[in-house]
Amino acid sequence: MEASFQRHRRLRTTAGMRKLVRETELRASDFIYPIFVTEEENVKSEVPSMPGVYQLSLDRLKEEMEEVASLGIQSVIVFGVPEHKDDVGSGAYHDHGIVQKAIAQIKQDFPELVVIADTCLCEYTDHGHCGLVENGEILNDESLVLLAKTAVSQARAGADIIAPSNMMDGFVAAIREALDQEGFTNVPIMSYAVKYASAFYGPFRDAAGSSPQFGDRKTYQMDYANRREALREAKSDVEEGADVLIVKPTLSYLDIVREVKNEFNLPVVGYNVSGEYAMVKAAAQNGWIEEKALVLEMLTSMKRAGADLIITYFAKDAAKWISE
Ligand code: PBG
């Protein structure tokens, strides 16, 4: 027979051959595990729309962190579920706020774990928006002051990385300046540079109790139809001093992950968000998909698209699976 075509299948003949030419490999240290900390006591309460994900009180945090660390996961991102909310989100920048306490505790028990603080107001405001509100409008510059305050209080509590997710313009510059002024010049900013207004955040808002009480987030989070705008958003964050760039969500935005990866020379993070998790869990519980295979395929696709790191609720499961 004439060799008029390529035999691609030669490199797929055995498991060993396939492993040899595999281009993308997941590691437990690729994952950042999100945790939700509540102010009550002795709470480990499963989020109904996120099976396997829990709101944890401070006294139940250590057991969870022990599991995370034992699996080889090197980093967590911390979200607070405060008891008290007000119109200025004061719980976000209180020196003894729930996130500040959680960060300090984790760093004390697990000094080698990289602890990331999500810097936003929406979990702490009674209106549920990520900034200050006046006559139904979400204020930009006034909100920056509070976000900078929040970042400083989180760094003071021991946060290794500040991850601002609020999407106000200028938030990286405002936070960088405030951190530097307070002596935190070595604390990096992992910016939610490209964050879309997405229906994929639904379950998270249950977990964190952070649904907007009026309107939506479309005046600050991006329109999912836009690609070039993502590059503008990322560019300004890079210019303002971001050290790491997050694209969020990830699954429906792999093209954006790749664009950001190609355009900038900073580490890129994909946030595999709550809705992406919930869909998989629901289908798995119905026996409609094979969870392990599907999750590893999804996470690998994110890395293949260009994500250096992945924030994912699957971190613990995936770390177990890849070590098997
Ligand atoms: C806070 C924040 C949100 C998420 C992470 N940080 C919610 C939002 O913007 O409404 C969503 C994460 C997820 O869905 O897993 N601004």
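Residues numbered from 1 in each chain as written. Predicted model: local features only at pLDDT ≥ 70, side-chain atom pairs only at ≥ 80, totals over all residues. Heavy atoms only, no water.

S.K.: Just checking my understanding: could you explain the UniProt feature "binding site: 5-aminolevulinate 1" (unreviewed entry) in the chain for this structure?
M.R.: UniProt's feature table lists "binding site: 5-aminolevulinate 1" (unreviewed entry) at Arg205 and Arg217, given in the numbering used throughout. The subset of the named residues that lines the largest cavity consists of Arg205 and Arg217. Mapped onto the secondary structure, Arg205 falls in helix 6 (residues 202–208). Leaving out residues up to four positions away in the same chain, Arg205 has contacts with Ser210, Ser211, Pro212, Arg217 and Gln221. Locating Arg217 in the fold gives a position in the loop between helix 6 and helix 7 (228–240). Among the residues examined, Arg217 registers a relative accessible area of 4% and is labelled buried. Those residues in contact with Arg217 that lie beyond four places of it in its chain are Cys122, Gly128, His129, Cys130, Arg205, Ser210 and Pro212. (UniProt positions renumbered as here; feature names shortened; annotations may be inferred. 1 Å grid on protein atoms, 1.4 Å probe; cavity = no way out; pocket = protein on both sides within 12 Å on 5 of 7 lines; lining within 4 Å. Helix = DSSP H or I, 4+ residues; strand = E, 2+ residues; numbered from the N terminus. Contact = heavy atoms within 4.5 Å. Buried < 20%, exposed > 50% of the residue type's maximum accessible area, 1.4 Å probe, protein only.)

S.K.: I keep staring at the UniProt feature "binding site: Zn(2+)" (unreviewed entry) in the chain and nothing clicks. Help me out?
M.R.: When the UniProt feature table is mapped onto this chain, "binding site: Zn(2+)" (unreviewed entry) is found at Cys120, Cys122 and Cys130. Considering only the annotated residues already named, the ones lining the largest cavity are Cys120 and Cys122. Leave out the neighbours within four places in its chain, and Cys120 touches Ala92, Cys130, Leu147, Ser165 and Asn166. Inspection of the secondary structure puts Cys130 in the loop between strand 5 (114–119) and strand 6 (133–134). Those residues in contact with Cys130 that sit more than four places away from it in its chain are Cys120, Leu121, Cys122, Leu147, Asn166, Met168, Arg217 and Tyr220.

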